Amino acid sequence: MAEPLMVVESLSKHYPVSEGQYGGRTVGYVKAVDGVSFTIEKGRTLALVGESGCGKTTTARLVLRLRTPTGGTVKLEERDVHQLSGADLKWFRTSVQAVFQDPWASLSPRMRVRDIVAEPLVANHRVSKDEVRERVGVTLEKVGMQRWQGDLYPHEFSGGQRQRVALASALITEPRLLVLDEPVSALDVSVQAQVMNLLKDLQAELGTAFLLISHDLATVRYVADHVAVMYMGSIVESGSVDQIFETPRHPYTRGLFDAALPTHPRNRTEKLEIKGEMPSPLNPPTGCRFRTRCPQVMSICETVPETIEVAQGHRVACHLFTPEWS
Ligand code: SF4
């Protein structure tokens with residue numbers, strides 16, 4: 001196992017739900033993220049996958065310090081990121097950057113590309129104008145652009161090129177971790193592969209770790225080293241990309257993959273179909289949260305399953321794998 005860079009333990013974000021439209025007595029909590037734990041290794045990619053509303057984007061925002069957790073910790077190189085201040089906070093802002101889904105929304109239309117790319121560097125470091133110009137030029141070249149393109153505005157680029165600008169801006173501080181929230185889903189299919197190849201090349205060159213948030217399993221398979229599958233705020237299965245794609249064990253993972261990926265005729269087994277919609281997070285099922293949709297539900301599923309290691313590094317939270325029920 002490579003060295004850990006970020007360790008997330010029992011991370012939770014519970015939102016209070018109040019009575020009435022204008023607030024009042026708290027009548028319950030929406031558990032957007034509930035006891036999530038994972039490790040991101042140096043220079044490697046962990047993908048968080050699951051249906052929309054499963055908690056993966058909230059998890060990314062907690063990791064980025066854009067939300068405050070209600071429980072648990074996020075540690076970057078052993079420092080609790082939600083306790084940082086002063087110089088340590090600057091260190092965090094340099095070390096962790098993000099690229100979001102929509103390259104339109106994340107780039108200011110009134111700024112030239114060179115100023116957009118320079119912004120994280122100027123905000124967090126004392127650097128001369130010459131050094132800023134040089135670093136912007138080098139970073140634009142790294143993402144496959146020309147230096148002179150720094151003089152242009154975002155609207156003068158295609159969607160794929162705008163995502164390259166967003167990447168250059170995220171990479172200029174040479175971060176240890178890049179959070180990629182659906183980085184190619186707003187792009188044309190023909191451009192998606194280019195951007196994913198670019199991400200892989202940059203990771204090999206710079207040794208940056210990625211936390212990839214994606215509902216696109218083909219992208220995940222291509223880019224990730226490790227995968228964690230989320231359902232209603234919790235991780236239900238995690239492991240290496242081969243373990244999750246070749247031998248998915250949790251009924252939710254199997255259903256998700258059966259619906260999204262073609263099966264090779266040699267590997268054809270009975271398909272697992274996920275029934276119905278995700279329940280309301282205001283009123284989640286007791287016990288295993290997947291039990292209202294699970295094709296293999298049993299009476300024991302009214303209790304919360306423990307997470308079991310079924311192979312080295314491959315963990316599943318399902319009663320089908322707890323020794324007394326399997
Ligand atoms: Fe299905 Fe039960 Fe496993 Fe939940 S614990 S996934 S309901 S078999």
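Note that the coordinates shown come from a computational prediction; the quantities given were computed from them, not determined experimentally. (Residues numbered from 1 in each chain as written. Predicted model: local features only at pLDDT ≥ 70, side-chain atom pairs only at ≥ 80, totals over all residues. Heavy atoms only, no water.)

Caption draft 1: Expanded view of the overall build of the chain. Secondary structure summary: the chain contains nine helices and 12 strands in total. With respect to the principal axes defined by its C-alpha atoms, the chain has extents near 70 × 55 × 40 Å. Here the chain holds 326 residues, and 46% of them are scored as buried. Looking at the chain alone, contacts between residues at least 24 apart form 62% of all its contacts between residues at least 6 apart. Surface summary for the chain: the accessible area is close to 16,500 Å², and the carbon and sulfur share equals 48%. With 37 positive and 38 negative side-chain charges, the chain shows a separation of 3 Å between the mean positions of the two kinds. (Helix = DSSP H or I, 4+ residues; strand = E, 2+ residues; numbered from the N terminus. Buried < 20%, exposed > 50% of the residue type's maximum accessible area, 1.4 Å probe, protein only. Contact = heavy atoms within 4.5 Å. Areas by Shrake-Rupley, 256 points an atom, 1.4 Å probe, with all protein chains shown as cover. Lys, Arg positive; Asp, Glu negative; His and termini not counted. Charge placed at Lys NZ, Arg CZ, Asp CG, Glu CD.)

Caption draft 2: Up close: the sheet that holds strand 1 (residues 4-18). Pairing is antiparallel in the open sheet, where four strands are placed in the order 2-1-4-5. Two strands close off the open sheet at either side, each with one partner strand: strand 2 (26-41) and strand 5 (79-80). Sheet topology places strand 1 next to strand 4 (residues 71-76); five bridges connect them, and they run antiparallel. Counted as the bridge partner of M6 is L76 from strand 4. The strands that helix 1 (residues 56-63) touches are strand 1, strand 2 and strand 4; relative to strand 1, the one it contacts most, it runs at about 115 degrees. (Pairing = 2+ DSSP bridges. Axes fitted to C-alpha atoms, helices over the stretch in contact; angles between N-to-C directions.)

Caption draft 3: Quick peek at the site of the ligand. Close contacts around the ligand come from H250, P251, C288, F290, R291, C294, Q296, V297, C301, C318, H319 and L320, and that covers them all. Counted by class, the shell around the ligand contains eight nonpolar, three polar and one charged residues. (Near = heavy atom within 4 Å. Nonpolar A, V, L, I, M, F, W, Y, C, P; charged D, E, K, R; others polar.)

Caption draft 4: Spotlight on helix 6 (residues 189-206). The end-to-end C-alpha distance of helix 6 is 26 Å, a good match for the 26 Å that 18 residues give at a rise of 1.5 Å each. Regarding helix 6, the residues found buried are V191, Q192, V195, M196, L198, L199, L202 and Q203. Looking down the long axis of helix 6, one finds its buried residues gathered within 160 degrees of arc, a one-sided arrangement. Within helix 6, the exposed residues directed more than 90 degrees away from the buried face are S190, A204 and E205. Of the surrounding elements, those touching the buried residues of helix 6 are strand 3 (45-49), helix 4 (129-142), helix 5 (159-171), strand 7 (177-181), strand 8 (209-213) and helix 7 (217-223). (Expected span 1.5 Å × (residues − 1). Arc of directions from axis to C-beta.)

Caption draft 5: How the structure looks around helix 3 (residues 113-124). For helix 3, every residue scored as buried is listed here: V113, I116, V117, A118, P120, L121 and N124. Tucked into the core, helix 3 has its buried residues touching helix 2 (86-95), strand 6 (96-99), helix 4 and helix 5.

Caption draft 6: Quick look at the packing of aromatic side chains. The full count for this structure, using the stated rule, is four aromatic pairs. Seen in terms of ring centroids, Y231 and F290 are 5.1 Å apart; in terms of plane orientation they differ by 80 degrees. Their pairing is edge-to-face. Taken together, the residues span a long stretch of sequence, with Y231 in strand 9 (residues 226-231) and F290 in the loop between helix 9 (251-260) and strand 11 (307-311) at a distance of 59 residues. What makes Y231 buried here is its relative accessible area of 2%. Seen in terms of ring centroids, F245 and F257 are 4.8 Å apart; in terms of plane orientation they differ by 40 degrees. Their pairing is tilted. Here F245 is found in helix 8 (residues 241-246), whereas its partner F257 is found in helix 9, with 12 residues between them in sequence. No difference in accessibility class separates F245 from F257, as the two residues are buried. Site record: aromatic cluster; members linked through ring pairs are Y231, Y252 and F290. Positioned above the aromatic ring of W91, the side-chain terminus of R79 is 3.7 Å from the ring centre. (Phe/Tyr/Trp six-rings, centres within 6.5 Å; stacked < 30°, edge-to-face > 60°. Lys NZ or Arg CZ within 6 Å of the ring centre and 35° of its normal.)

Caption draft 7: Examining the packing of helix 5 against helix 6 more closely. It is at 10 Å that the axes of helix 5 and helix 6 come closest, and there the two elements cross at 20 degrees. Our classification of the angle between helix 5 and helix 6 gives roughly parallel. Regarding helix 5 and helix 6, the two cross each other, and that crossing is right-handed. Within the contact between the two elements, helix 5 uses G160, R164, L167 and L171 and helix 6 uses V191, Q194, V195, L198, L199, L202 and L206. (Parallel < 35°, antiparallel > 145°, perpendicular 65-115°, else oblique. Left-handed = near helix turned anticlockwise from the far one by under 90°.)

Caption draft 8: Geometry of the pairing of strand 12 (residues 314-317). Where strand 10 (residues 234-240) meets strand 12, two bridges bridge the pair, whose relative direction is antiparallel. Across the sheet, S238 pairs through a bridge with R315, a residue of strand 12. Note: strand 11 against strand 12, four bridges, orientation antiparallel. Opposite A311, over in strand 12, you have H314 as the bridge partner.

Caption draft 9: Broad picture of the side chain of T208. Mapped onto the secondary structure, T208 falls in the loop between helix 6 and strand 8. Those residues in contact with T208 that lie beyond four places of it in its chain are G43, L171, P175, R176, L177, L178 and Q203.

Caption draft 10: The nonpolar core, seen in detail. If you look at the biggest cluster of nonpolar residues, it comprises 54 residues, and the most contacted ones within it are L167 and V227. Judged by nonpolar contacts, the second largest core, of 31 residues, contains L48, V74, L84 and V96. (Core = buried A, V, L, I, M, F, W, Y, C linked by side-chain atoms within 4.5 Å.)

Caption draft 11: How the structure looks around the state of the cysteines. Summed over all chains, the structure comprises zero disulfides. Looking at C54, it has no disulfide partner, and the nearest cysteine sulfur is the one in C288, 15 Å off. (Disulfide = S-S within 2.5 Å.)

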